[in-house]
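Remarks on the overall topology
Spelled out, the chains give:
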Amino acid sequence: MLATKQQQADNKMMAISTTDLSLWYGTFQALFDIKLDIKQGIITSMIGPSGCGKSTFLRTMNRINERLDYVRISGKVDVMGQNIFAPEVEILQVRKQVGMVFQRPNPLPISIRDNILFGHNIHSAGKTGKSEEGEIVESALQQVLLWDKVKDRLDHKATALSLEEQQKLCIARLLPVKPSVLLMDEPCSALDPKGTEAVEELLWDLRGKYTILIVTHNMAQARRASEECIFMLMGKVIEHRETGEMFLTPQHQETADYIEGRYG
Amino acid sequence: MTTKRNAESVAAAADFDKLNRDWYIDKAVQVLVFLGGISAIIFIIGIFVFITKEGMGFILGDFSFTEFFFSQNWRPTSENKATYGILALIAGTASVTGLAMLIAIPFSLGTAIFIAEFATGRTREFLKITVELLAAIPSVVWGFIGLALMNPLIIDIFDVPVGLNVLNAGIILGLMAAPIMTSIAEDALKAVPDRYREAAEAMGATRWQVIYKVVLPAAKNGLLGAVLLGVGRGFGETMAVLMATGHAINIPGSVFDSVRALTATIAAELGETAVGSPHYQALFTIGISLFVITFIINLIADLVIRDVRKG
Ligand SMILES: Nc1ncnc2c1ncn2[C@@H]1O[C@H](COP(=O)(O)OP(=O)(O)OP(=O)(O)O)[C@@H](O)[C@H]1O
Ligand SMILES: [Mg+2]
């Protein structure tokens, strides 16, 4: 009894907390009894060989995986203490709460301004005044350090920006609806080293305000840009610890092998 | 050792000869394909030259621009003074095509959205095949439906004396144009990359918000192309409008008025005119006008659709 109370208190501190989370694509099981607690306000990175289920895990957190009708999920996922699969929970609210950045930058083929306002408009009931819209756009773009670069061409198509700018825009457009968690699936893999560095700096800036969970194949990036690190293998979580410790003294042989590049 | 090498080089030389023959075949095929490719252009130019030649005598002779386009008196067989005004025929074609589009646009757009965005698996395949089947119905069958089915129906429902009118032909033409418009519109919707939908859904947009805020704007050129092709189809259609409009020269005041279309006029009268007579040449001048109009519409549609592929 006391233990459960203690646990509940802990859960309150967690941004994401999963128990026995399993996922099937048709008959293929991609996640096995995942138990994870991801702390609020820090950057957690997720590493593991290709196909181990990192994207699948991320996509389950904002329920975007349910676009596919052959996906089946069992187990429990709490985001900010709320079970996202509870029947009374609205899927749209979950997606507002948990923003997602994809591997390939995917701004919508509309203007920069409309991209930023997209989330805001679909989630706000009434009409927003012009000046308020302007403030929203400026503040979101300021936060991703893009404002000065694009402030004179807010009406240009977002798809005409460079990849780095597109990816920053994709982060910026999540911010106006004030999500608590940002999921990022290899956000830098389409970017050059300079772009990668810029986005990493940005993540570091956003730390504290948002809980960030970032998937990466880049060991160095996980090391320098995250505070905790999760290692996954074949749909299971092998190890989850403070990043520095994990890279210095991995507890499992598999982790050590992967970090040293002995897996694909 | 050396002999073997010699033998090898001889073999190589023989291969080289063979390559040469392939080269000629390749060239020949290239020329054939090229001829096939430009034959379409040659035919179009040929047709245009032919109808222009046939109509030219009229254009250079009795033709009066104002009478032809702005008079509603089409009396080519009048004993005293024949007049050739096609304003009423233009009004007939335009009113029928306009009504047809009013019906076909929402219909085909709705179907295309359903097929592209909602239907899955079997339903989707079934719908696509049905749409293609609809496109394959011959226009005389549509005309027959207008004549035998819609005509009494319209008389009954609206209590009007004749059921062969703008309403009848508009509905028939709308149904005829809808399948091809649906097909093209669906292609345009399918061409919108799925990652846009995913991006919007991941932000919490509903299916409908995704469609009207993301998919439709992104596909708007393709959709416009679909509409223009439908309009072109409407202008050019002959048999069904001949049968369903009532074929009366008239500038319609309501959808219950009978009208006559440009195409139907040519079809109905050309066989009964003396080759080379002013009437014959006037019909060819209508043909030239139709040719130019449909050509422009198709050209615009084509440019618009190509723009989609590029973007
Ligand atoms: N839509 C899908 N349908 C069926 N199987 C899928 C689907 N998406 C992923 N899978 C399978 O699920 C497993 C996990 O895939 P996932 O994309 O989550 O891996 P990942 O760790 O993100 O890999 P990567 O590092 O290559 O991105 C893989 O075996 C993959 O083949
Ligand atoms: Mg992945």
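1. Some remarks on the overall build of chain B
The helix and strand tally for chain B stands at 12 helices and 2 strands. Taken from N to C terminus, the helices and strands of chain B fall in the order α-α-β-β-α-α-α-α-α-α-α-α-α-α. Taken along the three principal axes of its C-alpha coordinates, chain B extends 100 × 65 × 35 Å. Out of the 311 residues in chain B, the part that is buried amounts to 40%. Summarising the internal contacts of chain B: among those between residues at least 6 apart in sequence, 69% fall at separations of at least 24. Of the roughly 17000 Å² that chain B leaves accessible, carbon and sulfur atoms contribute 68%. Across chain B, the mean location of the 22 positive side-chain charges is 9 Å away from that of the 25 negative side-chain charges.

2. Digging into the nonpolar core
Nonpolar side chains tend to gather and get buried jointly when the protein is soluble and globular. Within the largest apolar cluster, 57 residues are counted, with the highest numbers of intra-cluster contacts made by L108, F118, L141 and I212 of chain A. Of all the elements, helix 4 (residues 112-123) of chain A adds the most residues to this core, at 5 residues. Setting aside anything within four residues of it in sequence, one finds I212 of chain A in contact with I42, I43, T44, L182, M184, L203, L206 and R207 of chain A. Membership of the second largest hydrophobic core comes to 41 residues, among which are W142, V231, I266 and A282 of chain B.

3. As for a nonpolar patch on the surface
Residues and elements named next belong to chain B. Side chains of F48, V292, F295, I296, L299, I300 and L303 sit close together on the surface and give an oily, nonpolar patch of about 590 Å² of accessible area. In terms of residue count, the dominant contributor to the nonpolar patch is helix 12 (residues 278-310) (6 residues). By secondary structure assignment, the location of L303 is in helix 12.

4. Brief notes about the pattern of salt bridges
Two side chains bearing opposite charge may form a pair once their charged atoms approach each other closely. All chains considered together, the criterion is met by 24 salt bridges over all chains. A salt bridge links R67 of chain A to D194 of chain B, with the shortest nitrogen-to-oxygen separation between them at 3.2 Å. Here R67 of chain A, found in the loop between helix 2 (54-61) and strand 4 (71-79), pairs with D194 of chain B, found in helix 7 (residues 194-202), and the two come from separate chains. Exposure remark for D194 of chain B: the relative accessible area of 42% places this residue in the partly exposed category. For R224 of chain A, the salt bridge is made with E200 of chain A, and the minimal N-O distance between the two is 2.6 Å. Residue R224 of chain A is found in helix 9 (residues 219-225), and its partner E200 of chain A is found in helix 8 (residues 193-206); the two are separated by 24 residues along the sequence. Connected through salt bridges with shared partners, the residues R67 and R95 of chain A together with E117, D194, R197 and E201 of chain B form a single ionic network.

5. Description of the site of ligand 1
All names here are of chain A. Not every one of the 14 residues close to ligand 1 is listed here, only the nearest: S50, G51, S55, T56 and H217. Y25 is positioned with one of its side-chain polar atoms (N or O) 3.5 Å from a nitrogen atom of ligand 1. Here an oxygen atom of ligand 1 and a side-chain polar atom of T56 are 2.4 Å apart. Within the complex, the protein chains bury 66% of what would otherwise be the 630 Å² of accessible surface of ligand 1. Within the residue set of the shell around ligand 1, elements represented by two or more residues are strand 2 (28-39) and helix 2. Here the shell around ligand 1 gets 3 residues from one element, more than from any other, and that element is helix 2. In terms of residue class, the shell around ligand 1 is built from 6 nonpolar, 6 polar and 2 charged.

6. Concerning helix 8 of chain A
Residue and element names in this part refer to chain A. Between its terminal C-alpha atoms helix 8 stretches 20 Å, which fits the 20 Å expected from 14 residues at 1.5 Å a residue. Looking only at helix 8, the buried set comprises G195, T196, A198, V199, E200, L202, L203 and L206. Where the residues of helix 8 are buried, they touch strand 3 (43-47), helix 5 (130-143), helix 7 (163-172), strand 7 (181-185), strand 8 (211-215) and helix 9. Following helix 8 by one or two positions, G208 adopts a phi angle in the positive range, close to 95 degrees.

Procedures and definitions
Residues numbered from 1 in each chain as written. Chains lettered and ligands numbered in written order. Predicted model: local features only at pLDDT ≥ 70, side-chain atom pairs only at ≥ 80, totals over all residues. Heavy atoms only, no water. Helix = DSSP H or I, 4+ residues; strand = E, 2+ residues; numbered from the N terminus. Buried < 20%, exposed > 50% of the residue type's maximum accessible area, 1.4 Å probe, protein only. Contact = heavy atoms within 4.5 Å. Areas by Shrake-Rupley, 256 points an atom, 1.4 Å probe, with all protein chains shown as cover. Lys, Arg positive; Asp, Glu negative; His and termini not counted. Charge placed at Lys NZ, Arg CZ, Asp CG, Glu CD. Core = buried A, V, L, I, M, F, W, Y, C linked by side-chain atoms within 4.5 Å. Patch = residues over 30% accessible without salt bridge, like charges linked within 9 Å, V, L, I, M, F, W, Y side chains within 5 Å. Salt bridge = Lys/Arg side-chain N within 4 Å of Asp/Glu carboxyl O. Near = heavy atom within 4 Å. Polar contact = N/O pair within 3.5 Å; in protein donor to acceptor, adjacent residues only side chain to side chain. Nonpolar A, V, L, I, M, F, W, Y, C, P; charged D, E, K, R; others polar. Expected span 1.5 Å × (residues − 1).

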